[in-house]
Amino acid sequence: MTICTDSTPSLISPNIHSQQWEHPPVKLGILASGNGSNFEAIAQAIADKKLNAQIQVLIYNNPNAYAAKRANNWGVPTVLLNHRQYQQREELDRNIVATLEKYDTDLVIMAGWMRLVTPVLIDAFTDKIVNIHPSLLPSFKGIKAVEQALSTGVKITGCTVHLVCLEMDSGPILMQAAVPVLPDDTLATLHARIQIEEHRILPMAIALLVR
Ligand code: GAR
């Protein structure tokens, strides 16, 4: 089932400052599964005129994802595509592609998107899908990247922004930031420090890419 909420742009819409740029803003489609702090960082970078972009739509797959609330606050349309309601990954991806096309998306940003992608999505947006991952890739791929950094005892971890290809958490690296692992770090404290860097480099990497 697909639920769409097309909300009226608010006064703090990230789209309102785009006229200052020489070129039209790049149209982003953002995919998120959870909290959405990286969505927020992108929206804020646009509002701060650090990124010449416009968020066309937020697609989310978990009905309770806080990212959807954040999008509503910014006046960004949201579309719920609940993966539990699709038999196959390809079917979910076909709906994602149709939604991105409906919202006239140039560039897709996976901002905490916790689903594996299929060729359906990759082929529709070849070299136009960006992902943020909480490790220094190619180390610690997958959903337990921060836990693995702690359990293996590395002294430095970080985050990576990369172009998405079919293999999970792979593809050309656009930007990385290093974060030290402190002796008394927990999963929460380490992830929080990694996220500070994510919020800094994800909008920066998108800005470099679209330039
Ligand atoms: C981020 O730390 C992001 O790197 C990670 O999910 C978190 C989402 O946070 N993504 C992955 O692990 C993808 N493999 P957010 O919802 O607050 O943006």
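Everything below is about the structure printed above this text.
Predicted, not measured: the structure shown is a model, and the values here were computed from it. (Residues numbered from 1 in each chain as written. Predicted model: local features only at pLDDT ≥ 70, side-chain atom pairs only at ≥ 80, totals over all residues. Heavy atoms only, no water.)

Trainee: Requested: an account of helix α2 (residues 66–74), with residues and values cited.
Mentor: The α-helix advances 3.6 residues per turn, and as a result positions three or four apart in sequence lie on the same side. All buried positions along α2 are accounted for by Ala67, Ala68, Arg70, Ala71 and Trp74. All buried residues of α2 project into a common sector of 160° when viewed along the axis, lining one side. Elements that come into contact with the buried residues of α2 comprise β2 (26–32), α1 (37–47), β3 (53–60) and β4 (78–81). In the segment just after α2, glycine 75 is the residue with positive phi, at about 75°. (Buried < 20%, exposed > 50% of the residue type's maximum accessible area, 1.4 Å probe, protein only. Helix = DSSP H or I, 4+ residues; strand = E, 2+ residues; numbered from the N terminus. Arc of directions from axis to C-beta. Contact = heavy atoms within 4.5 Å.)

Trainee: Lay out unusual backbone geometry in plain terms, naming residues and giving numbers.
Mentor: Cis geometry is found at the peptide bond from leucine 137 to proline 138, where omega equals 15°. By the element assignment, proline 138 lies in the loop between β6 (129–133) and α5 (145–152). With a phi angle near 60°, aspartate 104 is a residue other than glycine that sits in the positive phi range. Turning to its location among the elements, aspartate 104 is positioned in the loop between α3 (89–102) and β5 (107–110). The residue aspartate 169 is not glycine, and still its phi comes out positive at about 50°. Residue position: aspartate 169 is located in the loop between β7 (156–163) and β8 (173–180). Taking the relative accessible area as the measure of exposure, aspartate 169 reaches 13% and is therefore buried.

Trainee: Before we move on, can you summarise the packing of α1 against helix α6 (residues 187–210) with the specific residues and values?
Mentor: Between α1 and α6, whose axes approach to 9 Å, the crossing angle comes to 50°. Between α1 and α6, the crossing angle belongs to the class labelled oblique. The two elements α1 and α6 cross, and the hand of that crossing is right-handed. Along its contact with α1, which presents Ser37, Asn38, Ala41, Ile42 and Ala45, the element α6 presents Gln195, Glu198, His199, Leu202, Pro203 and Ile206. Among the residues making up the contact of α1 with α6, the classes are represented as 6 nonpolar, 4 polar and 1 charged. (Axes fitted to C-alpha atoms, helices over the stretch in contact; angles between N-to-C directions. Parallel < 35°, antiparallel > 145°, perpendicular 65-115°, else oblique. Left-handed = near helix turned anticlockwise from the far one by under 90°. Nonpolar A, V, L, I, M, F, W, Y, C, P; charged D, E, K, R; others polar.)

Trainee: Provide a residue-level description of the pairing of β4, including the pertinent values.
Mentor: Residues Thr78 and Leu80 line one face of β4 and the alternating positions Val79 and Leu81 line the opposite face, and both faces are buried. Bridge count for β3 against β4 is 3 bridges, and the pairing is parallel. Following the sheet pairing, leucine 58 is matched in β4 by threonine 78. Handedness of the crossover is the feature at issue here: the chain leaves β3, passes through α2, returns alongside β4, and the resulting connection is right-handed. (Pairing = 2+ DSSP bridges. Right-handed = clockwise from strand over helix to strand, strands pointing away.)

Trainee: Describe the site of the ligand, naming the residues involved and giving the relevant values.
Mentor: If you check the shell around the ligand, you find 14 residues, and the closest are Gly36, Ser37, Asn38, His191 and Glu198. One nitrogen or oxygen atom from the side chain of histidine 133 is found 3.0 Å from a nitrogen atom belonging to the ligand. Under a 2 Å grid-point criterion requiring more than half of the atoms, the pocket assigned to the ligand is the largest pocket. In terms of residues, the shell around the ligand owes the most to one element, α6, which gives 3 residues. (Near = heavy atom within 4 Å. Polar contact = N/O pair within 3.5 Å; in protein donor to acceptor, adjacent residues only side chain to side chain. 1 Å grid on protein atoms, 1.4 Å probe; cavity = no way out; pocket = protein on both sides within 12 Å on 5 of 7 lines; lining within 4 Å. Sits in = over half its atoms within 2 Å of the grid points.)

Trainee: Give me the pattern of salt bridges: which residues, what numbers.
Mentor: Going through the model one piece at a time under the given rule, you end up with 5 salt bridges. Arginine 70 is the partner of glutamate 40 in a salt bridge, and the nearest nitrogen-oxygen pair spans 3.2 Å. Of this pair, glutamate 40 sits in helix α1 while arginine 70 sits in helix α2, and the two are 30 residues apart along the sequence. In this structure glutamate 40 comes out as partly exposed when scored by relative accessible area, which is 24%. The partner of glutamate 167 in a salt bridge is lysine 141, and the shortest N-O contact between them spans 3.4 Å. Here the residue glutamate 167 occupies a position in the loop between β7 and β8, and lysine 141 occupies one in the loop between β6 and α5, the gap between them amounting to 26 residues. On the basis of relative accessible area, glutamate 167 is assigned to the exposed category, the value being 51%. Accessibility expressed as a relative area gives 30% for lysine 141, which makes it partly exposed. (Salt bridge = Lys/Arg side-chain N within 4 Å of Asp/Glu carboxyl O.)

Read these as spatial facts, not as claims about activity.
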